[in-house]
Number of protein chains: 2
Amino acid sequence: MERTFESLSWFSEEYFDLNGSYYETLRAPPSALEFSRFIHISRPVVIEGFELPALHQWSDDYLIRKMGNRTFSVAVTPNGRADAVTKGPDGLLYFVEPYARDMSMEAFLSTIHNSKRGGEGNIHYLQSQNGNLFTNKYFEGSLEDLSEFEPLRADVLAGVPWCTEALRRPPDAVNVWIGDSMSVTSIHNDPYENIYTVVRGAKHFTLLPPTDSCYLKERSYPHATYTRPDPSSQELVLTPSLLAPTVRWSSIQDPGAPGALDKRAHPINITLTAGQTLYLPPGWWHHVRQSEELTIAINWWYDIESRGMSWVMLRFLRPPEVPLGNGSEDERSEA
Amino acid sequence: MERTFESLSWFSEEYFDLNGSYYETLRAPPSALEFSRFIHISRPVVIEGFELPALHQWSDDYLIRKMGNRTFSVAVTPNGRADAVTKGPDGLLYFVEPYARDMSMEAFLSTIHNSKRGGEGNIHYLQSQNGNLFTNKYFEGSLEDLSEFEPLRADVLAGVPWCTEALRRPPDAVNVWIGDSMSVTSIHNDPYENIYTVVRGAKHFTLLPPTDSCYLKERSYPHATYTRPDPSSQELVLTPSLLAPTVRWSSIQDPGAPGALDKRAHPINITLTAGQTLYLPPGWWHHVRQSEELTIAINWWYDIESRGMSWVMLRFLRPPEVPLGNGSEDERSEA
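Each residue is numbered by its place in its chain's sequence as written, counting from 1. Chain letters start at A and ligand numbers start at 1, both assigned in the order the entries are written. Local features in this predicted model are restricted to residues whose pLDDT is 70 or higher, and side-chain atom pairs enter the listing and the counts only when it is 80 or higher, whereas totals over whole chains, interfaces and linings include all residues. The basis for every side-chain value is the complete set of non-hydrogen atoms in the structure, without hydrogens or water.

## Some thoughts on the sheet that holds strand S12 (residues 202-208) of chain B
Residue and element names in this part refer to chain B. Strands sit in the order S10-S19-S12-S17 across an open sheet of four strands; the sheet is antiparallel. What marks the edges here is a single partner per strand, and that holds for strand S10 (185-188) and strand S17 (268-273). Within this sheet the neighbouring strands show an average axis-to-axis angle of 20°, counted without direction. A strand pair is defined by DSSP finding two or more bridges across the two strands. Each helix corresponds to a stretch of at least 4 residues labelled H or I by DSSP, and each strand to a stretch of at least 2 residues labelled E; elements are numbered beginning at the N terminus. For S12 and strand S19 (residues 285-290), the ladder comprises six bridges, and the chain directions are antiparallel. When the bridges of S19 are listed, threonine 206 appears paired with histidine 287. Lines fitted to C-alpha atoms define the axes, with helix axes restricted to the stretch in contact, and inter-axis angles between N-to-C directions lie between 0 and 180 degrees.

## What about the environment of isoleucine 112 of chain B?
Residue and element names in this part refer to chain B. You can see isoleucine 112 is positioned in helix H5 (residues 105-115). Relative accessible area decides the class of each residue, using a 1.4 Å probe on protein chains only: under 20% of the type maximum gives buried, over 50% gives exposed, and in between gives partly exposed. Overall, isoleucine 112 belongs to the buried group, its relative accessible area being 4%. Isoleucine 112 sits 68 residues away from aspartate 180 along the chain, and the two C-alpha atoms are 7.4 Å apart. In this analysis, two residues are considered to be in contact whenever any of their non-hydrogen atoms come within 4.5 Å of each other. Those residues in contact with isoleucine 112 that sit more than four places away from it in its chain are His124, Ile178, Gly179, Asp180 and Leu294.

## Notes on the interface of chain B and chain A
On the chain A side, the residues contacting the 39 residues of chain B number 39 residues. Summing both partners gives a buried area of about 3,700 Å² for chain B against chain A, and 69% of it is carried by carbon and sulfur. Values labelled buried area give the accessible surface lost by two parts on being combined, using a 1.4 Å probe and summing over both. On the chain B side of the interface with chain A, the three residues burying the most area are Trp10, His40 and Met309 of chain B, jointly 19% of the side's total. Any Lys or Arg side-chain nitrogen located within 4 Å of an Asp or Glu carboxyl oxygen qualifies as a salt bridge. Summed over the shared surface of chain B and chain A, the result is four salt bridges. In this structure, the salt-bridge partner of glutamate 14 of chain A is arginine 315 of chain B, at a minimum N-O distance of 2.6 Å. Within 3.5 Å is the distance limit for a polar contact, defined as a pair of N or O atoms, with the added protein rule that one can donate a hydrogen and the other accept it, and that residues adjacent in sequence qualify only through two side-chain atoms. Counting across the chain B and chain A interface gives ten residue pairs in polar contact (both at pLDDT 80 or more). For the side of chain B that touches chain A, the secondary-structure elements that each account for two or more residues are helix H1 (5-19), helix H2 (32-41), helix H7 (161-167) and helix H8 (310-317) of chain B. At eight residues, the largest contribution of residues to the side of chain B that touches chain A is made by H1 of chain B.

## Notes on the pairing of strand S17 (residues 268-273) of chain A
Across a regular strand the side chains alternate sides, sitting on one face of the sheet and then on the other. Residue and element names in this part refer to chain A. Every second residue of S17 is oriented toward a common face, the buried set being Ile268, Ile270 and Leu272 and the non-buried set Asn269, Thr271 and Thr273. Relative to S17, strand S12 (residues 202-208) is paired through six bridges, and the arrangement is antiparallel. Its bridge partner lying in S17, threonine 206 is registered against asparagine 269.

## What to know about the side chain of threonine 185 of chain B
In this fold, threonine 185 of chain B is placed in strand S10. The contacts of threonine 185 of chain B, once residues within four sequence positions are left out, are Tyr125, His287 and Val288 of chain B.

## Things to note about the pairing of strand S19 (residues 285-290) of chain A
Residues and elements named next belong to chain A. Within S19, five of the six residues are buried, which leaves it mostly tucked inside the rest of the structure. Note: strand S10 (residues 185-188) against S19, two bridges, orientation antiparallel. Considered in S19, the bridge of threonine 185 is made with valine 288.

## Let's talk about empty space enclosed by the protein
Any residue with an atom within 4 Å of a point lines the site, the site being either a cavity, points on a 1 Å grid over the protein atoms alone where a 1.4 Å probe fits but cannot get out, or a pocket, an open set with protein on both sides within 12 Å along at least 5 of 7 lines. Grid points are joined across faces, edges and corners, and a volume is the space filled by probe spheres set on the points. In the structure shown here, the tally under the stated rule is nine cavities of 30 Å³ or more. Considered as a void within the structure, the largest cavity measures approximately 450 Å³ in volume. Forming the boundary of the largest cavity are 28 residues, of which His40, Met309 and Ser310 of chain A together with Met309 and Ser310 of chain B lie nearest the centre. Three classes are used, and their members are as follows: Ala, Val, Leu, Ile, Met, Phe, Trp, Tyr, Cys and Pro are nonpolar, Asp, Glu, Lys and Arg are charged, and the others, Gly among them, are polar. Across the lining of the largest cavity, the residue classes tally to 19 nonpolar, six polar and three charged.

## Some words on the nonpolar core
We call a set of buried Ala, Val, Leu, Ile, Met, Phe, Trp, Tyr and Cys residues a nonpolar core when their side-chain atoms join them within 4.5 Å. In terms of nonpolar packing, the biggest core is built from 72 residues, with Phe11 and Leu278 of chain A together with Phe11 and Leu278 of chain B touching the most fellow members. Among all residues touching phenylalanine 11 of chain A, those that are not within four sequence positions of it are Thr211, Met313 and Leu317 of chain A together with Met309, Val312, Met313 and Phe316 of chain B. Counting residues in each nonpolar core, the second largest holds 44 residues, with Leu26, Ile47, Phe108 and Phe149 of chain A among its members.

## Considering the relation of the copies chain B and chain A
Turning chain B through 180° and shifting it by 0.0 Å along the axis lays it on chain A, with an RMSD of 0.0 Å. The two molecules are tied by a two-fold rotation axis, judged by turn and shift. The least-squares superposition of copies is restricted to C-alpha atoms, and to residues with a pLDDT of at least 70 in both copies.

## Digging into helix H2 (residues 32-41) of chain A
Owing to its 3.6 residues per turn, the α-helix aligns residues three or four sequence positions apart on the same side. Residues and elements named next belong to chain A. Of all ten residues in H2, nine are buried, a share of seventy percent or more. Inspection of H2 places Ala32, Leu33, Phe35, Ser36, Arg37, Phe38, Ile39, His40 and Ile41 among the buried residues, and these make up the whole buried set. A positive phi of about 60° marks serine 42, the residue just after H2.

## Describing the packing of helix H4 (residues 60-67) of chain A against helix H5 (residues 105-115) of chain A
Residues and elements named next belong to chain A. At a closest axis distance of 8 Å, the pairing of H4 and H5 adopts a crossing angle of 150°. As judged from the angle between their axes, H4 and H5 are roughly antiparallel. Contacts between H4 and H5 involve Asp60, Leu63, Ile64 and Met67 on the former and, on the latter, Met105, Glu106, Leu109 and His113. Looking at the contact of H4 with H5 residue by residue, the class counts come to five nonpolar, one polar and two charged. If an angle is under 35 degrees, it is roughly parallel; if it is over 145, roughly antiparallel; if it lies from 65 to 115, roughly perpendicular; otherwise it is oblique.

## Quick notes on the sheet that holds strand S15 (residues 237-240) of chain B
All names here are of chain B. Pairing is mixed across the open sheet formed by four strands, whose spatial order is S4-S5-S14-S15. Both outer strands of the open sheet, strand S4 (84-87) and S15, are each paired with one neighbouring strand and no more. Mean inter-strand twist for the sheet, computed between neighbouring axes without regard to direction, equals 45°. The pairing of strand S5 (residues 93-97) with strand S14 (residues 223-227) spans three bridges and is classified as parallel. Note on S14: the bridge partner recorded for glutamate 97 is threonine 225.

Written out as structure tokens, the structure reads:
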């Protein structure tokens, strides 16, 4: 497919001229019909008043008591950047997945609280995002839906009523996320309708519309994983996955850093506090930071409408694949 | 803006791979929420069971009795092609608007019925499309909404309930169309949500998605109007409008003619009979023929959602402007 940076840049500018950086804030959740209109507009919306028992119940004590001895998978990195581009010991850039460690809620929360007081050094983030609360198997009525967080399910709605009705389908995955300011989610987009509720703390989103895809400088990076070769040590080692395919990822580390983003890009900054919900439409780029205090969020991913133009559009807006991202000095210095 | 034919052609093919030529047929009108989903998908839908008093009442006798001596504007052409590209006496191609003539319903219907029995020769088509039943002024409560068809309003809904509710706005214009197989509507698209109900007869639509815009061979044509210089004669003369701007229009005269359409285009043929309603989304190209018998239709145009990507998308999919369409032999021979 031939398409020029100039044509994508034109698209970005026309889209911005029409929409600006405006986003709507609703004082109460929308009806299914109202939400259906927002799906069509496909811009972020902040929604207040979407009530979940979790909002009122999820103190540390409650979470520890409910979860008991159960363990769940926690992402561990030396730098708080799970699923991100990082320089390896060989000086090359890799897309690095975190080390995964099973922990109880008590051990996990105390590790997070201690990390700022000089804990073990590694950064812990619950971000398993595999439908850790509810998977699509749950909605199909399968017994194979084994949630690591089964005791917390009663505090969370399995689906967002107005979204499920608007899309006429249950979510594909429901996840709980727990971390603090030590963890950052690198900028990326997902081909999903995303409903995101902050339960405790705050999330700081930097969003860019799909029309800004041309400014995200996606590159193909070799894959690596943090491993812990010495069980007696906490040290994590960046280990290239020799057989894994490369991963296409934005080479922009922090879109908020001076000069990191092309001046023609159109970021929108939204801080979401406890009790607020974000509608994040498919294809919207997001970089996410968290507040100093413990931050808990829940998200519901719904499949995108496959009919019509949305899917083709999102593909079209991403410039052609670029070879391995280890070629130029400026890419190295960004990492 | 730089964008290549190849990139638009890629878009057309990907869109077709995903959507095919499929269109949905509903046995009953949708709810507002169901229709909102169709707006997002933005593909044609045939809807049955949308009831209007006009469907049962609009016999010739009824129309003549209700309208009495009132006159309305009728489009008159020598060839049945109002608002179409036509060769002028100088051999050049023009975008030609019809001669407009005021007629009573009785005179108009008898002219149409006689035309096939060797009437005056010119083709008559009620296609004023200026909100001849209801304009947006009506919905604003203005007294300036002077409908030529006021006596027929009671038989037509001012708005389509499920569409008005889905879009949360009244129509921009509601029109009645009356003609027969002598009149053809040349292929074009409109930046409107369009609901189209056939009251009598049948309409034959050839539709192409907005992603096929690159195959429509739009050109810029000088403007002309049919005039009637000699009041004692019915003869119409194609008269160039020297001061009018050129009109961008498809150079494809009949997309159904062998070889007229690029082989890569993806036409969908839909015949709509009395009692059926078509949802024609914004930007969809349509060429429309009518049945032998008298065909009456009503359409409701609604403004497109201006927020989001739809508007920018439709602009993007149309290739850059091409100079006057009188340059090449193949364009002349098509006319």
